[in-house]
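Here is how the chains run, residue by residue.
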Amino acid sequence: MKKVLLSALIIAAQAGFAFNIQAADKPDTVNIGFQKANIFALLKYRGTLDEEFRKQGIAVHWIEFPAGPQMLEGLNIGSIDLAATGDAPPTFAQAAQADLVYLAHSPANPKTEAIVVPADSPVKSVADLKGKRVALNKGSDVNYLLVTALEKAGLTYKDITPVYLPPADARAAFQRGAVDAWVIWDPYYAEVETNAHARLISNAEGLVPHYTFYLASRKFAERYPAIASKVVDELGTLSTWANQHQDEAAKIMSASTGLPQPIWQRALARMPFGAERMTPDVFTQQQALADTFTRIGLLPVKVDIRSATWSQDKK
């Protein structure tokens, strides 16, 4: 009899908790920033988050951005509540005093960014890049890869000539031979491998981890922690589906970006999706990136990555 009563009390408590979550103050709309080539685009096209929030009377508003820095500026000024970017943009946002928090991260995916050269290039190793013109997106995740790879090869950032170009312009420069190498990420990496037969000099394995981070404005995450947690949960569920259905995910991402489905199939084969809560080790790795950027002058100030810890992770 006592066991039955205890079970009834537990069920009642759980029901009460669920009711309190639903009855708690919640936004009418959740504004989510996305890029055509990242996991939030996949979540948007799948529609599962919209459907789940609709049941709670919450609308999801999707706002497209060309790249991570612009997206985090939107997060800083309050035009969006949530975002997903690579490793580098949050450090620049923190340096600019953006009040954001890290909610979660993807698995490390170092195979998805690489230093490539034309197929007939005499460059055979990172050490051969000395004195060469290297295209990259300034302040991006691959900027960290390049610095780390050069230092491991006994070179410094001053030993190469960085040519700062966004991906589309860098692709054109690479094609016409205006640069000797290109440091890039998927799906652009998969595209240049496939269509230009670019040759890999080094990917990020053993050099830098390369994560996607799921971020929120601190104001939003602190006021609506259940909503922020639900988004992370949905990203986790989506990731399981995408990892098990890569052809279908590639089809969706092809529609989102305009890149052919085979390009995305190649990219997704080395791009594990996931949504894992932040750990001290991941914060330490992100701090190493920020300190490197400060050391080479890309970040104007030292950044304390852990100052963007979500309060729920401090408990």
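Structure: above.
Along every chain, residues carry numbers that run from 1 in the direction the sequence is written. Only residues with pLDDT of 70 or above have their local features reported here, since the model is predicted, and side-chain atom pairs are shown and tallied only from 80 upward, although totals for entire chains, interfaces and linings are computed over all residues. Computation of side-chain values covers all heavy atoms of the structure but excludes hydrogens and water.

Through backbone hydrogen bonds, the strands of a sheet pair up, either in parallel or in antiparallel fashion. Within the open sheet, the five strands sit side by side as β7-β6-β8-β5-β9. Their pairing is mixed. This sheet does not close on itself; its edge strands, each paired only once, are β7 (161-164) and β9 (199-203). The mean angle between the axes of side-by-side strands here comes to 30°, regardless of whether they run parallel or antiparallel. Note: two strands are recorded as paired if DSSP finds a minimum of 2 bridges between them. Secondary structure elements are taken from DSSP: a helix is a run of H or I of four residues or more, a strand is a run of E of two residues or more, and numbering for both begins at the N terminus. Here four bridges tie strand β5 (residues 113-117) to strand β8 (residues 181-185), and the two strands are oriented antiparallel to one another. Each bridged residue has a counterpart across the sheet, and for Val116 the counterpart in β8 is Trp182. The convention used is that axes are lines fitted to C-alpha atoms, helices contributing only their stretch in contact, and that angles between N-to-C directions extend from 0 to 180 degrees.

What follows concerns the nonpolar core. Grouping buried Ala, Val, Leu, Ile, Met, Phe, Trp, Tyr and Cys residues that are joined through side-chain atoms within 4.5 Å yields what is termed a nonpolar core. Per-residue accessibility, obtained with a 1.4 Å probe over protein chains only, is compared with the maximum for each type, and a residue is labelled buried under 20%, exposed over 50%, and partly exposed between these values. Among the nonpolar cores identified, the biggest contains 49 residues, and Leu100, Tyr102, Ile115, Leu129, Leu146 and Val183 are the most heavily contacted of them. Among the elements that take part in this core, helix α6 (residues 141-152) stands out by supplying seven residues, more than any other. Residues Phe34, Val231, Trp241 and Met253 belong to the second largest nonpolar core, which totals 44 residues.

This part is about the pattern of salt bridges. Here a salt bridge means any side-chain nitrogen of Lys or Arg lying within 4 Å of a carboxyl oxygen belonging to Asp or Glu. Applying the stated criterion across every chain, the model contains ten salt bridges. The salt bridge partner of Glu64 is Lys36, with a shortest N-O separation of 3.9 Å. Placement of the pair is Glu64 in strand β2 (residues 59-64) and Lys36 in the loop between β1 (29-34) and α2 (39-46), with a sequence separation of 28 residues. Among the residues examined, Glu64 registers a relative accessible area of 43% and is labelled partly exposed. Owing to a relative accessible area of 40%, Lys36 belongs among the partly exposed residues under this scheme. Arg171 is the salt-bridge partner of Glu191, the closest N and O atoms lying 2.7 Å from each other. Here Glu191, found in helix α8 (residues 188-196), pairs with Arg171, found in helix α7 (residues 167-176); they are 20 residues apart in sequence, far enough to count as distant. No difference in accessibility class separates Glu191 from Arg171, as the two residues are buried. If you follow the salt bridges from partner to partner, you end up with Asp186, Glu193, Arg266 and Arg270 in one network.

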